Amino acid sequence: SIALTLLIIYEGHYRGRWVTQHCLLVGTLDTMLDSTSKVAPFRILHQTPDSQVYWSIACGGTKEEISQHWEWLEKNIMRTLSVFDSSDDITSFVQGKIRGLIAEEGKVSCVQEDDPEKFREALLRFEKWFDLPQKEKLVTYYSCSYWRGRVPCQGWLYLSTNFLSFYSYLLGSEVKLVISWNEIWRLEKTSNVILTESIHVLANGEDHFFSMFLHLNETFLIMEQLADYSIKRLFDKETFQEEPSLSDPLQITKRGLETHARNEQFRAFFRLPKEENLLEVYESFLWVPFSHFNTLGKICLSESYLCFASQDGSQCHVIIPMREVIGVEKPDRSSRALIVCVRGKRALRFSEVRDFERLANAIRRRCGMTASPQHSASTELKEKMKEQSWNIHFSEYGRGTSMFCTKKTRDLIVRGIPEALRGELWMLFSGAVNDMATNPGYYSELVDQSLGTSTLATDEIERDLHRSLPEHPAFQSDTGISALRRVLTAYAYRNPKIGYCQAMNILTSVLLLYAKEEEAFWLLVAVCERMLPDYFNRRIIGALVDQAVFEELIRMHLTQLTEHMTDLTFFSSVSLSWFLTLFISVLPIESAVNVVDCFFYDGIKAILQLGLAVLDYNMEGLISSHDDAEAVTILNKFFDNVTNKDSPLPQTVQQNSVGNNDKASSISKVDVSDLIKEAYEKYGDMKSEEVESMRKRNKLYVIQTLEDTTKQNVVMSQEVKFSASQLDELYILFKRQHFLSCYWTMNSPVLLHHDPSLAYLEQYQLGFHQFSLLFSLLEPWSLCSGKDTLFLWAFRLLDENQDGLVNFKEFCCALDILYSGTFTSKLTFLFKLHQPPECQKTHCAFCFTPTGRGKVDLQAYLKQWQDEILKKEESIKDLPRINQAQFIQFSKTLYNLFHSDPEEESLYRAVARVTSLLLRMEEVGRRLQEPTSPQKSSTSPIQAALEGALPDGEASSTPESSSDTPSTPITQEAGSIPQEVEWSFAFEQILASLLNEPVLVRFFERPVDIQARLDHAKCAQLKAKTNE
């Protein structure tokens, strides 16, 4: 039994008592520190009334030792409880005190976690338990419980570069779990009746729950980073940006992942270029002149920016480019104050900076390295009242890159930015002003370099130029069209992986209305590469992810709608254009620009809020609609009647609904400012951090859904005899083998040439090394020797386009022949293996260099498809003859197939009879052709050939064959046997001879247990990679 002490707090009283009991949960806690360590027999545990989790407070080896801890609790905690009146207050106090103790213990454990000796021990256990390849890099490990139903298994969670692994050995029961990061569909923090805090992992259709973490948030952050890293590196390479800390999968560390996450959050919050990294953080107070008080927050320093955000981030934040700083002063050492002077006769006063001298020196060093161009502002007066409000704002909060952004700033944006200031403020809020300032002349160079280029992107751009706001006067002349062409072409040249996508023309057109040409280019860069990541690539993954987030928000905020419409995929399809064009394609232009104002300030959160407000406004109509078409009509009519009463645009430009439409005129008008204001009031409490977390969580699901669609398309397109489930398993094995070649290197040929835009069959391919590993696990025979050579020939035979890669269709067809083919088809396959390739190339036998791929050639795909349709069925008469060396090797291959077969001896003799018969027939035919040819060798060619065909006869080959015949038939050349006539065999001769041997026919027509081979491959696949 386990002796322990429980501290129980309930109903305003406390009581201490000794309890002896059997408890599986407490038994699980016994292995919190180490599954192999001896647990102290006496402990003090704490449990709150609403929780199933016990917190370990103290432990001791003897009753006397634990009693001392109990006395300390009575003296320091229990006496204090008398001042509380309610049981809730007592529980809250004790819980807070205990969490404080746990936190102090956590600080010590964090230090111990970095202990090299402890980490080395954990690494040895990791390698011993999971038998993964030595290249697999262990990042970190945590003690936790894994739940199998309602039973927890206490053990260790190991997080490595490519796998999530768990091991537990408790009460004689071993639990071992290995999940690839790229197989995870969902990763989230959850809580329920049994588990107050846990991590949920959905992979391969199975749910896994992990709980009882000492640092749950830290663990989840690392898991989220590793899953996101795997998805970007393996699936979505178009958006993968190599970071110094993440460039090599063999060098990834916990600290590197934490730094990467911190930098991403820093750049996203302050809208900084992707080159910026968070270097130093200082806690300080900032004097806010317009509010006349000091606000507590943090100074964040990067290479080129000094940023400050108040404690909650919403009160105010300010961004100061180093190029704008003209001086740093230290007026008062006692208050540890720092004054940063910026251009425009402005200064910011920071106080209570712990290491203010170091910060001052850091700012001075960076200021001397950067230039400081001035940003020009428009002087034309439009919309006087709005401009006056903004001018008052500028006078109080500053103007330009170092302006304070506060709640008042957001209130002004909700009302709409004045036309004259729109371009300037878009540049400021998006961070594009910093991109342009740090890259002077870049746009002009791109325009010159891209001028006259002709690509698929430029063709698409030319086609869409006149479809971009055709009703606006700015794009009814060559001036506006030319500017649009230059911006889109320059961006396609800058980022060929994205190139050009539809919707970019509409967005860029609106940007050009309010910004200069170069500014519009940098705004487009900010939108495509920072604010809407993954939106404008071939698979629009970013838009699909945000639609999934939108569905989640609908379930949270619009419960009445979800009760009526259980299937929310309708909203995903109808809202796609909302996200891709920022509502520009559905709203009149004079209203849409107000939405763009909010987007540049609040990012995707503004679009999500507005989408919820639109559905909320049309709730009654959507609930009463009978089908999707009616719901779409309701939303379209609503958008047509969204107006902007403050718009200065002329009526000829405004896109109001048609006046003679009675139905449209009967619907009440909605002002866009009121709609945006309502969106902020109802849904503005969403935090950007929450949205980003939802994005990461849903991205895993979206990626895996796309991959599952890919799998279904591939499986359905195969014309083979495998069942649907077997094809599904085979595809998973093939795809996993593809990824096994990518896990531990950034330069894998299959990874470098993975292109999601290609046909489904071409997306995942295997090089020779990966092919041979997987083929060896699945081939139906037990080869005893010559495997590598035979696999090489099979690879070359399947690689029809000679690019050094084999796709799933080619691999699947080969296995279908070997598993389910007839005797003739199997023999044909083996016969072809021993023929030389049509186009002989000089390269290493086991090293292929893929030719690479450029843009998708649609004409080539159409031609290939047409050729496959017109291709006639191959006849055995079309097969070329094989020469002497190839025939000898063919015979050896047959011998190798029979290894360990119950009828091995009979099969061996049958092949010997067939070989002898064929050689004698060929010898007779040769003598008939040359009756006077003298025999110059004491050993007849028949005997030499027979000896060469035997497995043990290689050493006794004739001098001619041993010196002049290469070891593989691929390099055999005509005339290699001097002074002798070359003889060869046709496939019909070999087939007819083998058909006369029933034992051979039975062997090749023997059914193969396909499922057993697949199960064997699944179990041995990773081990095969480990033992290579």
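Bear in mind the structure is a predicted one, so any value in this text is a computation, not a measurement.

Some words on the pattern of salt bridges
Enumeration over the complete set of coordinates arrives at 30 salt bridges. Across the salt bridge formed by Arg-1002 and Glu-903, the nearest N and O atoms sit 3.1 Å from each other. Linking Arg-1002 in helix H40 (residues 998–1005) with Glu-903 in the loop between helix H35 (884–897) and helix H36 (904–929), this pair joins segments that are 99 residues apart in sequence. Looking at Arg-1002, the relative accessible area reads 46%, which means it is partly exposed. Each of Glu-188, Glu-552 and Arg-697 takes part in a single network of salt bridges with overlapping partners.

What to know about the sheet that holds strand S10 (residues 198–203)
A sheet is described by the order of its strands in space; here 7 strands give the open sequence S8-S7-S6-S5-S11-S10-S9, paired in antiparallel fashion. Each having just a single partner strand, strand S8 (173–180) and strand S9 (184–190) make up the two edges of the open sheet. Pairwise comparison of adjacent strand axes, ignoring direction, gives a mean angle of 30 degrees for this sheet. In this sheet, strand S6 (residues 151–160) lies alongside strand S5 (residues 138–148) in antiparallel orientation, the contact comprising 10 bridges. Among the inter-strand pairings, Tyr-142 is bridged to a residue of S6, identified as Leu-157.

Remarks on a negative patch on the surface
A contiguous patch of negative charge on the surface is contributed by Asp-567, Asp-627, Asp-628 and Glu-630. Along the polypeptide, Asp-628 turns up in helix H23 (residues 628–640).

Examining the sheet that holds strand S15 (residues 316–321)
On the basis of which strands lie adjacent, the open sheet formed by 8 strands has the order S16-S17-S18-S12-S13-S14-S15-S19 and antiparallel pairing. Either end of the sheet is taken by a strand with one partner, and the two such strands are strand S16 (325–329) and strand S19 (404–406). The average angle at which neighbouring strand axes cross in this sheet is 30 degrees, direction not considered. Pairing of strand S13 (residues 293–301) with strand S14 (residues 305–310) involves 5 bridges; the strand directions are antiparallel. Its bridge partner being in S14, Ile-299 is matched across the sheet by Phe-308.

Details of helix H31 (residues 787–798)
The terminal C-alpha atoms of H31, which comprises 12 residues, lie 16 Å apart, in line with the 16 Å expected from a rise of 1.5 Å per residue. Buried within H31 we find Leu-790, Phe-791, Leu-792, Trp-793, Ala-794, Phe-795, Arg-796 and Leu-798.

Structural notes on the pairing of S5
The buried fraction of S5 amounts to 10 of the 11 residues, a majority that puts the element mostly inside the structure. Counting the residues between successive antiparallel strands, the hairpin from S5 to S6 contains 2 residues, one of them, Gly-149, with a positive phi of roughly 70 degrees. Where S5 lies against strand S11 (residues 206–211), 3 bridges are found, and the strand directions are antiparallel. Along S11, the bridge assignment pairs Trp-147 with Phe-209.

What about unusual backbone geometry?
The backbone of Asp-131 sits at a positive phi, close to 50 degrees, despite the residue not being glycine. On the secondary structure map, Asp-131 appears in the loop between helix H4 (116–130) and S5. Even without glycine at this site, Leu-582 takes up a positive phi of about 55 degrees. Among the secondary structure elements, Leu-582 is positioned in the loop between helix H19 (569–581) and helix H20 (589–602).

A closer look at the confidence of the model for the chain
Summary statistics for the chain give a mean pLDDT of 76 and a share of 73% for residues scoring 70 or more. Ignoring residues within four places in sequence, the model shows residues 953–979, a span with pLDDT below 50, making 38 contacts including any to other chains.

A word on the packing of helix H9 (residues 407–415) against H20
The geometry of H9 relative to H20 is characterised by a closest axis approach of 8 Å and an angle of 155 degrees between their N-to-C directions. Classified by the angle their axes make, H9 and H20 are roughly antiparallel. Together, Thr-409, Arg-410, Ile-413 and Arg-415 of H9 and Asn-594, Asp-597, Cys-598, Tyr-601 and Asp-602 of H20 make up the contact between the two elements. Grouping the constituent residues of the contact of H9 with H20 by class yields 3 nonpolar, 2 polar and 4 charged.

A short note on the packing of helix H8 (residues 384–397) against H9
Contact geometry for H8 and H9: axes closest at 11 Å, N-to-C directions at 165 degrees. If you check the angle between H8 and H9, you find them roughly antiparallel. As for the relative orientation of H8 and H9, their crossing is left-handed in sense. In this structure, H8 uses Lys-386, Ser-389, Trp-390, His-393, Glu-396 and Tyr-397 to contact H9, whose residues at the interface are Lys-408, Thr-409, Leu-412, Ile-413 and Arg-415. Considered class by class, the residues forming the contact of H8 with H9 number 4 nonpolar, 3 polar and 4 charged.

Rules of the game
- Residues numbered from 1 in each chain as written.
- Predicted model: local features only at pLDDT ≥ 70, side-chain atom pairs only at ≥ 80, totals over all residues.
- Heavy atoms only, no water.
- Salt bridge = Lys/Arg side-chain N within 4 Å of Asp/Glu carboxyl O.
- Helix = DSSP H or I, 4+ residues; strand = E, 2+ residues; numbered from the N terminus.
- Buried < 20%, exposed > 50% of the residue type's maximum accessible area, 1.4 Å probe, protein only.
- Pairing = 2+ DSSP bridges.
- Axes fitted to C-alpha atoms, helices over the stretch in contact; angles between N-to-C directions.
- Patch = residues over 30% accessible without salt bridge, like charges linked within 9 Å, V, L, I, M, F, W, Y side chains within 5 Å.
- Areas by Shrake-Rupley, 256 points an atom, 1.4 Å probe, with all protein chains shown as cover.
- Lys, Arg positive; Asp, Glu negative; His and termini not counted.
- Charge placed at Lys NZ, Arg CZ, Asp CG, Glu CD.
- Expected span 1.5 Å × (residues − 1).
- pLDDT = per-residue confidence, 0-100.
- Contact = heavy atoms within 4.5 Å.
- Parallel < 35°, antiparallel > 145°, perpendicular 65-115°, else oblique.
- Nonpolar A, V, L, I, M, F, W, Y, C, P; charged D, E, K, R; others polar.
- Left-handed = near helix turned anticlockwise from the far one by under 90°.

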